[in-house]
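Residue-level structural notes
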Amino acid sequence: MAEIQLGVIEARYADMIWEHEPVTSSELVKMTAVEFNWKRTTAHNVLRRLIDKGLFRNDNGVVTAVISREEFYSRQSRQYVDDTFSGSLPAFIAAFMQGSRITAEEAEAIRRMIDRAEE
Amino acid sequence: MGNIFLKLLNMSITAGWLILAVMCVRLLFRKIPKWVNCLLWGVVAVRLVCPFSVESPFSILPSTEPIKSSTVVEGEVQNYIPSIDSRLAIVENTITPMLTETFAYEEPDSAAPLQTVTCAAGLVWCCGMILLIICAMGSAVKLHRLVREGVCVRDHIYICDAVGSPFILGIVRPRIYLSSALSEREMDYILAHETAHLKRKDHWWKALGYFLLCIHWFNPLCWMAYSLFCKDIELACDEKAARGMAFHEKKEYSRVLLSCAGQRSLVMVCPLAFGEVGVRERVKSVLDDKKPTLWVMMAAAAVVVILAVCFLTNPTREYQIRITIPAGSTEPFCYSDEEISPKGSTVTFYAGQGLGDTEIRLLPVEAGEENAYDQAVYITPGMPVEMDVERGAWFKIGVNIQNPTEESMDVYVSVGNVEVRVASAKEADNGGLSMESAPEEDGSQSMEPLSGEDGSQSMEPVPGEDGSQSMEPLPGEGDVPQEDMYAPHRYDMGDLDGNGEQEYVVISFQEEDPDYDGHLEFYFNGKRIYEYEDLLWMSPGKAEYIDLDGDGKKEIFFTFWPHVNSMPLVEYAVLKQTGGSWELLEMIHGEDMLDNGFPIASRYGKEENTLVITCEGTDQEIVYDFKEYYENRIREEQESGGDSRQYAEILEGGYREGDEFGGIAAWGVWEIGSGTYNGRNCLIATHGLEGPGGKFDHMGLVDVYFDYDARGKVHILNLEFREEL
């Protein structure tokens, strides 16, 4: 099975569901409101995403797990940082944002510079 | 819209100078703490936003109105060419000629091109600004949607899965959004940076900066300024965040910066991600950061103050008022075309280019007290002279200079603290000409005005003068007392050039019956410019001041009536001023007074009952079907018991094509007046046309529309036949 990627907060939400499943979606809304201060629509959106990723299932408002927690975490190899931020910018502005990624050599050179620096 | 944009454009160009200066300072003074740089950008922002300013002599700005809005003139024919008021000679020599070619206009009826261009530009600007604002709003909405899934860590700090590079969102209650994947250590340092942003209120300054950019989006310097500003903000933030840290902490901070390389720190209110600062630069800035010495701080403060004074203040606007002394001028004073209005109660004049020691004078054009400016005031190069003036009144500047050479001469008077305009367009027929002398000039026609003595001064008031004569064409008006009938009389023709002095005609007679030997002189600004003599009685006519040869300068069109008893002939003269002298443009004359008109021929046409009218000098041909006309005449004659045989004969035909058809009625031109044809000023010579039936067979009128070409020759525009009387 292909690796499923979860963001940190998504993971916390998923943990919450695994802990309480089976649970109604309205219960989840209440819980996320307390835990994360999320609106109802946000809770539903993230739940939808988790369901689409194949982790959970919603039958008539009752949410149950498709994969168990242990099984899921055994498959994770790395943390996933979603840089969807740049997707919110108009394309022509995004074009201006190049040039800030540095190569490994440059990074190494700068790291050395930091290490060697003295007051 | 166009005016707003023009003012904005001026503001933008002015601010551009400041931006360049700030960029230079940034390059030269790298050691200054970056927050000083941000202050400099603050000064730029003030210049971009504030339309008002104080005038000071320290201002380095070339001008605050690089493009004069007063060049946009309404409607009237004006020879004024928009100029750039700039002390940079380069600007004068390149942009002014460009403006001249593009925008100088001479068509009387076309809208000022500069006006339509600025209007269009204003619309484009508005659209651009709205677009940028919409962009920003759209981005903000998107971001808000994105961070709905953020989770509060504490206070205003949130983490979110979808966030890569940390940013600040919101202006009133800003929130810091961090990536949820950061480690504790990373989060601490990044927060140090972001809270530094908040403490410096960067979220406000960047928003303001973007807003200014929306307004000044057309100025590339503004984009550069914004980019550098964003950079400086980031570096200043690094400075502030690292200030409280021990050195090893600074190294850690740098390491965090490095590991987040490619993840930009953005203060997000707008979508612009300008301000890319390389990691290397930021790391160096953090590691090298030392508290600046007192000397550096003082220098920095001095730089900011100097820049503010030099660029936030406007230059005291000084104008070079040009006075043209025409060739051969012997007038005591020559006056400027432009008029000044003092903003204060005194005006200071400096001798400008071409001016030596001379007497200077103000001529009130619109002023409350007109007689307060008669004292002599002398000006010398290097020594300015101050005059008490009426604030808000309008004056022309005059200098006491004569010009014996054959070329006209320009001198300049420099004056500040005034408003300047070209001679008011409100007065009719005003071309804003300088008062110039007008020595005699020969005409070259059969009825030449006599060349007389030149340099004659204005005439003394003549005896029996009857004040301003009406413009009526009726001859022999009973204004003149019988005993004084032959004495010279002056008739005012109106103030043609609007300089406050009447133009007039003086008519005199040499003898009594049977020959009148009339003598007519036309005076323009006190100078005799045209003379006419004839054995007939003269009646003054009217004078108009219109541009008849399309060169932008107005000519004098003068008609008058030489006549015997009550039967007038019409005579006309068109006088053109070149330099200081007047010449008579071509007039169409037949061999004698009675034939005074264009060579019009009327012939029988090819078709039955048609008449063809032609005129020498034009290819135009008018073909007129006269059947109905003569049928009417026949009926009229029969009804009134007259003899209709001659008209019937005409209709019966028997004439060949090309036979002469009647002719021009007696006395040649019946009337000459001014008019327009296709938007051009022209003259219209109206002739009576007779049919073959003799002088009672008045067929109608032939109008010849004509104006003048550049050489002063008659140029026929149109030929028209009107049947009615």
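These remarks concern the structure in this document. (Residues numbered from 1 in each chain as written. Chains lettered and ligands numbered in written order. Predicted model: local features only at pLDDT ≥ 70, side-chain atom pairs only at ≥ 80, totals over all residues. Heavy atoms only, no water.)

Some points on unusual backbone geometry
The omega torsion across Glu21(A) and Pro22(A) is -5 degrees, close enough to zero to call that bond cis. Following the sequence through the fold, Pro22(A) ends up in the loop between α1 (8-20) and β1 (23-24). The phi angle at Asn525(B) is positive, at roughly 50 degrees, despite the residue not being glycine. As for its placement among the helices and strands, Asn525(B) is situated in the loop between β17 (518-524) and β18 (527-534). (Helix = DSSP H or I, 4+ residues; strand = E, 2+ residues; numbered from the N terminus.)

Comments concerning the packing of α1(A) against helix α2 (residues 25-35) of chain A
Residue and element names in this part refer to chain A. Two elements in contact, α1 and α2, have axes whose closest approach is 11 Å; the angle formed by their N-to-C orientations is 135 degrees. What the angle tells us is that α1 and α2 run oblique. As for how α1 packs across α2, the hand of that crossing is right-handed. Here α1 contributes Arg12, Tyr13, Met16, Ile17 and His20 to the contact with α2, which in turn contributes Leu28, Met31, Thr32 and Glu35. (Axes fitted to C-alpha atoms, helices over the stretch in contact; angles between N-to-C directions. Parallel < 35°, antiparallel > 145°, perpendicular 65-115°, else oblique. Left-handed = near helix turned anticlockwise from the far one by under 90°. Contact = heavy atoms within 4.5 Å.)

What to know about the pairing of strand β23 (residues 581-584) of chain B
Residue and element names in this part refer to chain B. As paired strands, strand β22 (residues 571-578) and β23 are joined by four bridges and run antiparallel to one another. Its bridge partner being in β23, Lys576 is matched across the sheet by Glu583. In sequence, β22 turns back onto β23 through a hairpin of two residues, with Gly579 there showing a positive phi of about 60 degrees. (Pairing = 2+ DSSP bridges.)

A few points about helix α8 (residues 247-259) of chain B
Given a rise of 1.5 Å per residue, 13 residues ought to cover 18 Å, and the 19 Å separating the end C-alpha atoms of α8(B) matches this to within 8%. Listing the buried residues of α8(B) in full gives Phe247(B), Lys250(B), Lys251(B), Glu252(B), Tyr253(B), Ser254(B), Val256(B), Leu257(B) and Leu258(B). (Expected span 1.5 Å × (residues − 1). Buried < 20%, exposed > 50% of the residue type's maximum accessible area, 1.4 Å probe, protein only.)

Some remarks on the packing of aromatic side chains
Remark: the centre distance and the inter-plane angle together describe each pair of aromatic rings, the angle taken between the planes. Residue and element names in this part refer to chain B. Tallied over the full model, the rule gives 36 aromatic pairs over all chains. The ring of Trp204 has Lys201 lying over it, and the distance from NZ or CZ to the ring centre is 5.5 Å. In this structure, Arg490 is placed above the aromatic ring of Tyr504, and the distance from its NZ or CZ to the ring centre is 3.7 Å. (Phe/Tyr/Trp six-rings, centres within 6.5 Å; stacked < 30°, edge-to-face > 60°. Lys NZ or Arg CZ within 6 Å of the ring centre and 35° of its normal.)

Brief notes about a positive patch on the surface
Side chains of Lys39(A), Lys142(B), Arg145(B) and Arg148(B) sit close together on the surface and give a patch of like positive charge. Mapped onto the fold, Arg148(B) is located in the loop between α4 (113-146) and β1 (151-154). (Patch = residues over 30% accessible without salt bridge, like charges linked within 9 Å, V, L, I, M, F, W, Y side chains within 5 Å. Areas by Shrake-Rupley, 256 points an atom, 1.4 Å probe, with all protein chains shown as cover. Salt bridge = Lys/Arg side-chain N within 4 Å of Asp/Glu carboxyl O. Lys, Arg positive; Asp, Glu negative; His and termini not counted. Charge placed at Lys NZ, Arg CZ, Asp CG, Glu CD.)

Notes on the environment of Thr676(B)
All names here are of chain B. Residue position: Thr676 is located in strand β27 (residues 663-677). Remark: the alpha-carbon pair of Thr676 and Asp707, spanning 31 residues in sequence, is separated by 9.7 Å. Not counting residues up to four positions away in its chain, the partners in contact with Thr676 are Asn681, Cys682 and Tyr705.

Remarks on the pairing of strand β2 (residues 157-160) of chain B
Residues and elements named next belong to chain B. Residues Ile157 and Ile159 of β2 are buried on one face, and the alternating residues Tyr158 and Cys160, pointing to the opposite face, are buried as well. Pairing geometry for β1 and β2, over three bridges, is antiparallel. Each bridged residue has a counterpart across the sheet, and for Cys152 the counterpart in β2 is Tyr158. Hairpin connection from β1 to β2: two residues lie between these consecutive antiparallel strands, with Asp155 at a positive phi of about 45 degrees.

What about the packing of helix α7 (residues 220-243) of chain B against helix α9 (residues 279-288) of chain B?
All names here are of chain B. Between α7 and α9, whose axes approach to 9 Å, the crossing angle comes to 35 degrees. By crossing handedness, the relation of α7 to α9 is classed as right-handed. Of the residues in α9, those touching α7 at Glu234, Leu235, Asp238 and Ala242 are Glu281, Arg282, Ser285 and Val286. Split into classes, the residues belonging to the contact of α7 with α9 amount to three nonpolar, one polar and four charged. (Nonpolar A, V, L, I, M, F, W, Y, C, P; charged D, E, K, R; others polar.)

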